[in-house]
Amino acid sequence: MTESKILSRDQAVALAEQWHAEGQQLVFTNGCFDILHLGHVDYLEKARQFGDKLILGLNTDASVSCIKGPLRPVVNEYARARLMASLAFVDAVVLFGESTPLDLIQALKPDVLVKGDDYAVSAIVGADFVLENGGRVQTIPLVAGYSTTALIGKIRHAYPEG
Ligand SMILES: Nc1ncnc2c1ncn2[C@@H]1O[C@H](COP(=O)(O)OP(=O)(O)OP(=O)(O)O)[C@@H](O)[C@H]1O
Ligand SMILES: O=P(O)(O)O[C@@H]1O[C@H]([C@H](O)CO)[C@@H](O)[C@H](O)[C@@H]1O
């Protein structure tokens, strides 16, 4: 069951240490992933190619609400975690409740930190830490026309009565 990919922070740290001991390159990325869309899938599949294993940090519901507003997320954290874990190129999913994944990144010590190129490298949380530890920071071009916000807008337009 892909649900087994959903790990606690301690489990993920232990797995990262095991993978590093095996000489495997660990890729990390993070996000809210509220209403999964093509842009998410495209960038995650590409992110995985930067190393051997991909750990995904997923914002908890409380964290998403803090970042994206009280009406978000529309998909709860368990459902979002299960959806992300179902992707073959995602090797582990870890929920984090902070406003940023910095503590998680410092605990996992990834070799490659990835975000979509809606973020400048200088604005990517954890970039300094990963670079100072000899790792790389990669951004991946967005798939034009896809965002959760845009999807919500389309749904609201199609069903104005809500
Ligand atoms: N169209 C896209 N193509 C590729 N990557 C994307 C795209 N949209 C978002 N991402 C990436 O997916 C990750 C999660 O982003 P997020 O969950 O905020 O998606 P979003 O669609 O931008 O959501 P929202 O509209 O709520 O901000 C981030 O690393 C972001 O760079
Ligand atoms: O889904 P989002 O909004 O792309 O994810 C956020 O990314 C932030 C990013 O890592 C900042 O560099 C992060 O701080 C925030 O917690 C969300 O994961």
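Thresholds, definitions, all that
Note on numbering: residues in each chain are counted from 1, in written sequence order. All chains are assigned letters beginning with A, and all ligands numbers beginning with 1, in the order in which they are written. In keeping with the model being predicted, local features are shown solely for residues with a pLDDT of at least 70 and side-chain atom pairs are shown and tallied solely at 80 or more, while totals for entire chains, interfaces and linings include all residues. Numbering of helices and strands starts at the N terminus; helices are DSSP runs of H or I of at least 4 residues and strands are runs of E of at least 2. This radius of gyration counts C-alpha atoms alone. The globule rule is 2.2 Å times how many residues there are, raised to the power 0.38. Counting other C-beta atoms within 10 Å of a residue's C-beta gives its exposure: the residue is buried at 20 or more, exposed at 12 or fewer, and partly exposed in between, where C-beta atoms are placed from the backbone. Residue pairs qualify as contacts under a 7 Å threshold applied to their C-beta atoms, which are placed from the backbone. Two strands pair if DSSP finds at least two bridges between them. We call a crossover right-handed when, viewed with both strands directed away from the observer, the connection leading from the first strand over the helix to the second proceeds clockwise. Here an axis means a line fitted to C-alpha atoms, over the contact stretch when the element is a helix, while the angle between two N-to-C directions is reported on a 0 to 180 degree scale. Nearness between a residue and a molecule or strand is assessed with a C-beta atom placed from the backbone; a distance within 6 Å qualifies. Under this grouping Gly is polar, as are all residues other than the nonpolar Ala, Val, Leu, Ile, Met, Phe, Trp, Tyr, Cys and Pro and the charged Asp, Glu, Lys and Arg. UniProt positions are given in the numbering used here, feature names are shortened, and annotations may be inferred rather than shown by experiment.

*Asks:* I'd like a description of the overall build of the protein chain, backed by residues and values.
*Replies:* What the protein chain contains, in helices and strands, is seven helices and six strands. For 162 residues, the compact-globule estimate of 2.2 N^0.38 gives 15 Å, and the protein chain sits close to it at 16 Å. Across the 162 residues of the protein chain, 38% fall into the buried class. Residue pairs in contact within the protein chain that sit at least 24 positions apart in sequence constitute 74% of those at least 6 positions apart.

*Asks:* Break down the pairing of strand S3 (residues 53-59) for me, citing the residues and quoting the values.
*Replies:* Judged by how many residues are buried, S3 sits mostly within the fold: seven of seven residues are covered. Both faces of S3 are covered, namely the face carrying Lys-53, Ile-55, Gly-57 and Asn-59 and the face carrying Leu-54, Leu-56 and Leu-58. Two elements, strand S2 (residues 26-31) and S3, share six bridges in a ladder whose sense is parallel. The residue bridging Gly-31 from the neighbouring strand is Leu-58, located in S3. Running through helix H2 (residues 38-48), the crossover from S2 to the neighbouring parallel element S3 is right-handed.

*Asks:* Help me get a handle on the sheet that holds strand S1 (residues 6-7), residues and values and all.
*Replies:* The strand order S1-S4-S3-S2-S5-S6 describes an open sheet built from six strands, whose pairing is parallel. Edge positions in the sheet fall to S1 and strand S6 (136-140), since each of these pairs with one other strand and no more. Sheet analysis places strand S5 (residues 112-116) next to S6, joined by five bridges and oriented parallel. Considered in S6, the bridge of Val-114 is made with Gln-138. Its contacts with the sheet put helix H1 (residues 9-21) on S1, S2, S3 and strand S4 (92-96), and the angle it makes with S4 is roughly 140°. Each of S2, S3, S5 and S6 is contacted by H2, which is oriented at about 160° to S2, the strand it contacts most.

*Asks:* Can you lay out the site of ligand 1 for me, pointing to particular residues and giving the numbers?
*Replies:* Contacts to ligand 1 come from 20 residues, most closely from Gly-31, Gly-39, Gly-116, Thr-148 and Thr-149. Residue assignment for the shell around ligand 1 shows that the elements contributing at least two residues are S2, H2, S5 and helix H7 (148-158). Here the shell around ligand 1 takes four residues from H2, the largest share from any one element. Looking at the shell around ligand 1 residue by residue, the class counts come to seven nonpolar, eight polar and five charged.

*Asks:* Break down the UniProt feature "domain: Cytidyltransferase-like" (unreviewed entry) in the protein chain for me, citing the residues and quoting the values.
*Replies:* According to UniProt, the "domain: Cytidyltransferase-like" (unreviewed entry) feature falls on residues 28-123. Within residues 28-123, the helical portion is 36% and the strand portion 22%, while the C-alpha atoms at the span's ends are 16 Å from each other.

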